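Single-letter residue listing:
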Amino acid sequence: MADKTGIEWTDATWNPTTGCDKVSAGCDNCYALTQAKRLKAMGSARYQNDGDPTTSGPGFGFTMHPDALDQPLRWTKPRRIFVNSMSDLFHGDNTQEFLAEVFAVMSMAPRHTFQVLTKRPAIMRSVLSSPMFKLQVNGARMKRGVSVLPDSRRSDGTYAWPLPNVWLGTSVEDQKWADIRIPLLLATPAAVRFLSCEPLLGPVDLTPHMPLLAYPDPRETEDWGIDWVIVGGESGKDVRPMHPDWARSIRDACVESGTAFLFKQWGEWAPSKVSGGTHTNPKMSKQRFMYDSVRFAPDGTTYAADPDLYSYPGMASMLRVGKRNAGRQLDGRTWDEYPEGAPS
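Bear in mind that the values here come from a model prediction, so they are computed numbers and not experimental data.

1. Let's talk about the packing of aromatic side chains
Enumeration over the complete set of coordinates arrives at 12 aromatic pairs. An aromatic cluster is built from Trp9, Phe82, Trp167, Phe194, Trp228 and Tyr338, whose rings are joined through pairwise contacts. Geometry around Tyr338 places Arg80 over its ring, the cationic atom sitting 4.1 Å from the centre. Directly above the ring of Trp335 sits Arg333, whose terminal nitrogen or CZ lies 3.6 Å from the centroid.

2. Considering the pairing of strand β13 (residues 316–320)
The buried fraction of β13 is high, at four of five residues. Summarising the sheet, strand β10 (residues 269–271) and β13 pair through three bridges and their orientation is antiparallel. Residue pairing for β13: Ala270 is matched across the bridge by Leu319. As paired strands, strand β11 (residues 293–296) and β13 are joined by four bridges and run antiparallel to one another. Bridge pairing in β13 links Arg295 to Ser317.

3. Some thoughts on the environment of Pro183
Mapped onto the secondary structure, Pro183 falls in helix α6 (residues 175–186). Considering only alpha carbons, one finds Pro183 and Gly225, 42 residues apart in sequence, at a separation of 9.5 Å.

4. Side note on the nonpolar core
Counting residues in hydrophobic clusters, the biggest one holds 67 residues, and the most contacted among them are Phe103, Met106, Val229, Val231 and Ile250. If one sorts the elements of this core by residue count, helix α3 (residues 96–107) sits on top with eight residues. Setting aside chain neighbours within four positions, we find Val229 in contact with Leu195, Cys197, Leu206, Met210, Ile250, Cys254, Thr259, Ala260, Phe261 and Leu262. By size, the runner-up hydrophobic cluster in this structure holds 11 residues, among which are Trp9, Trp167, Ile230 and Ala260.

Parameters at a glance
- Residues numbered from 1 in each chain as written.
- Predicted model: local features only at pLDDT ≥ 70, side-chain atom pairs only at ≥ 80, totals over all residues.
- Heavy atoms only, no water.
- Phe/Tyr/Trp six-rings, centres within 6.5 Å; stacked < 30°, edge-to-face > 60°.
- Lys NZ or Arg CZ within 6 Å of the ring centre and 35° of its normal.
- Buried < 20%, exposed > 50% of the residue type's maximum accessible area, 1.4 Å probe, protein only.
- Helix = DSSP H or I, 4+ residues; strand = E, 2+ residues; numbered from the N terminus.
- Pairing = 2+ DSSP bridges.
- Core = buried A, V, L, I, M, F, W, Y, C linked by side-chain atoms within 4.5 Å.
- Contact = heavy atoms within 4.5 Å.

That is the geometry; function is a separate question.
What follows is the structure, encoded as structure tokens:
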């Protein structure tokens, strides 16, 4: 857990659980798995439980940490808190009793906004759609000497359930997982629903899930649709480039529908001016360019790059310049939008 973080869309991280298992292509270069291995070697007590070597790794076995539960209650200044930057709260090995403890703590800290991101939205929908789970949360609150959540509408117009300060999101790396995970998220009761399209590994059409695009009649959009979309490329070792048009198409759908859009990063790879993109590295020699660059077709096919070759429409030339050099600008500007009414 950390009171400060370098993650662009949040203020702090809180890890009541650690560890996870790979479930899809978006997990292939998991930063948390690499970090857990390093933390285990350093002797960190929270990362001594090894996971399955085929899906997890050293120090990355799923582990619950009851002693970490109270951390947000000790933070007095309001924060956006990313829940489980080093795990998945809805991992199959988590217990419903411990989940109730986590939600009880979040309910007791209304000054904070909790951002819960999962690659397992089926489990999240099943748990949070169950009336029994709210009873378990109330039981956890009562054990802490706090009254139960009210069932009636509050005076400020919000409901006590789903928790108004908890945002629920799912990861979407390509169209396959968009089609699987987004409907599950939409079927989950939530005050705010969001997507993390990072790493974005292919084109994704989100328009069916944008309220104003899918249902022009506003009477059909109440409590429905995606409120916020984060897009980012991959960073780290052996990473895959993100075609600029994939990010642009999601941004355009968000702009048209009025959905908040945040462009987190390009990652290791950025578009070069050879393809009319937004980034170049004047210090990179032609030889280095040919070694650390790639031609990228819209369908995701990559080709060995040669800066003298013709770029046909839709092909992007990408340079591997590193996350810091690649930056966060998309078409000349930074996108840092949040859902309406979100804390600044």
